[in-house]
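As a plain string of letters, each chain reads:
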Amino acid sequence: MVNQAGLASDQPVRARVTRRQLAVYRFLEQRVRTVGIPPSVREVAAHFGFSSVRSAEKHLLALQLKGLIRRRRGARNLQLVAREEHATYGRGAIPVLGKVPAGSPILAVENFDGVLGFGDVFGDPEHLFALRVTGDSMVNAGILPGDWVIVRMQPTVSNGEIAVVYVGEDAEATVKRLFFEKQRVRLQPENDRLSPSFVPRDDPSFRVAGKVVGVVRRL
């Protein structure tokens with residue numbers, strides 16, 4: 001079973017920008033406005049007299065994580081974010097610092113490879129919601145008690161997909177794998193100790209809230 005958790009406010013979150021970061025951002029704006037292309041990282045370092053390119057990289061990384069710029073692969077890969085996007089781009093995003101083998105992690109700034117947000121993995125955030133799992137009926141599917149399931153809002157799912165559904169007069173929410181049989185829907189748990197439940201396909205109290213597209217777990 002799952003209970004709906006409180007979602008974050010839709011009000012924008014503005015990260016604090018330091019004086020030096022703002023100066024770097026204004027330099028980027030000025031170069032784009034006058035030259036038409038952004039400066040390279042080396043040009044940023046030279047303009048501010050940084051002792052190394054890595055110092056410039058740190059400021060650019062901070063600007064990206066605060067939603068003020070985007071970065072792509074390749075030369076002159078800086079892109080200013082429109083001011084109206086500042087508050088939302090990068091909100092809750094996590095920096096991607098390269099790949100990691102089963103050994104030691106790679107966390108150097110030069111391995112920065114963008115940021116990772118829920119939308120990058122699961123799709124348009126406007127169509128997603130999260131629910132906290134409070135039971136063990138889906139453990140064989142890798143959904144454990146205490147996990148957050150990420151759900152894409154949609155009124156139907158395909159046969160055999162995992163979904164959040166509302167069942168009964170009290171509209172109790174549950175997460176199960178659904179199988180659409182002749183006259184009924186089988187709500188199949190992923191736990192060998194538990195048996196499936198069934199609801200008529202035309203039961204007005206049965207409703208699909210959305211498809212489970214991911215799981216978030218804190219280790």
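Look up: the structure comes first, before these words.
Presented here is a report on the structure given in the accompanying data block. Each chain has its residues counted from 1, following the order in which its sequence is written. Totals for whole chains, interfaces and linings use every residue, but because this is a predicted model, local features are given only for residues with pLDDT of at least 70 and side-chain atom pairs only at 80 or more, for both listing and counting. Neither water nor hydrogens contribute to the side-chain values; these are computed over all heavy atoms in the structure.

Digging into the pattern of salt bridges
Pairing of side chains with opposite charge becomes possible as their charged atoms draw close. Within this document, salt bridges are pairs made up of a side-chain nitrogen of Lys or Arg and a carboxyl oxygen of Asp or Glu, the two lying within 4 Å of each other. With the rule as written, the count across this model stands at seven salt bridges. Across the pair K211 and E161 runs a salt bridge whose closest N-O atoms are separated by 2.9 Å. Of this pair, K211 sits in strand β12 (residues 207–216) while E161 sits in the loop between β7 (148–153) and β8 (162–167), placing them 50 residues apart in sequence. The residue R184 makes a salt bridge to E181 at a minimum N-O spacing of 2.7 Å. Through salt bridges with shared partners, one network takes in E181, R184 and R186. Secondary structure is summarised from DSSP: a helix means a run of H or I of at least four residues, a strand means a run of E of at least two, and numbering begins at the N terminus for each.

What to know about helix α3 (residues 53–65)
Here a helix's expected span is defined as the number of its residues, less one, multiplied by 1.5 Å. With 13 residues, α3 should reach 18 Å at 1.5 Å per residue; the first-to-last C-alpha distance of 18 Å fits that figure. Buried means the residue's accessible area, taken with a 1.4 Å probe over protein chains only, is under 20% of the maximum for its type, while exposed means over 50%, and partly exposed covers the values in between. Of the residues making up α3, those classed as buried are A56, E57, H59, L60, L61, A62, L63 and Q64. Downstream of α3 by a residue or two, G67 has a phi angle that is positive, lying close to 80°.

Some details on helix α1 (residues 19–35)
Look at α1: 24 Å from first C-alpha to last across 17 residues, which is about the 24 Å you get at 1.5 Å a residue. Among all positions of α1, only Q21, V24, Y25, F27, L28, E29 and R31 are buried.

Description of the pairing of strand β10 (residues 184–188)
Strand direction decides the pairing type here: strand β9 (residues 172–180) and β10, joined by four bridges, are antiparallel. Directly across from F180, in β10, lies its bridge partner V185. Two strands are counted as paired when DSSP detects at least two bridges linking them. In this antiparallel pair of consecutive strands, β9 and β10, the connection spans three residues. Relative to strand β11 (residues 197–200), β10 is paired through four bridges, and the arrangement is antiparallel.

Looking at the environment of R207
Along the chain, the position of R207 falls in strand β12. Separated by 34 residues in sequence, R207 and A173 have C-alpha atoms that sit 9.4 Å apart. In what follows, a contact means two residues having at least one pair of non-hydrogen atoms within 4.5 Å. Setting aside residues up to four positions removed in sequence, R207 forms contacts with V164, V165 and Y166.

Structural notes on the pairing of β7
Relative to β7, strand β6 (residues 128–133) runs antiparallel, the two being bridged by five bridges. When the sheet's bridge partners are listed, L128 is paired in β7 with R152.

With respect to the packing of aromatic side chains
One pair of aromatic rings is described through two measures. These are the centre distance and the angle between the planes. By convention, a stacked pair of Phe, Tyr or Trp rings (six-membered ring in the case of Trp) has centres within 6.5 Å and planes under 30 degrees apart, an edge-to-face pair has planes over 60 apart, and any other such pair is tilted. In this structure the tally under the stated criterion is two aromatic pairs. Measuring from ring centre to ring centre gives 5.7 Å for F27 and F48, while their planes differ by 85°; the resulting arrangement is edge-to-face. Taken together, the residues F27 in helix α1 and F48 in helix α2 (residues 41–48) connect sequence positions 21 residues apart. On the accessibility criterion, F27 (7% relative accessible area) is buried. Aromatic side chains F48 and F50 sit 5.6 Å apart centroid to centroid with 20° between the ring planes, which places their arrangement in the stacked category.

What to know about the environment of P155
Residue placement: P155 occurs in the loop between β7 and β8. Separated by 55 residues in the primary sequence, P155 and G210 have C-alpha atoms spaced 6.2 Å apart.

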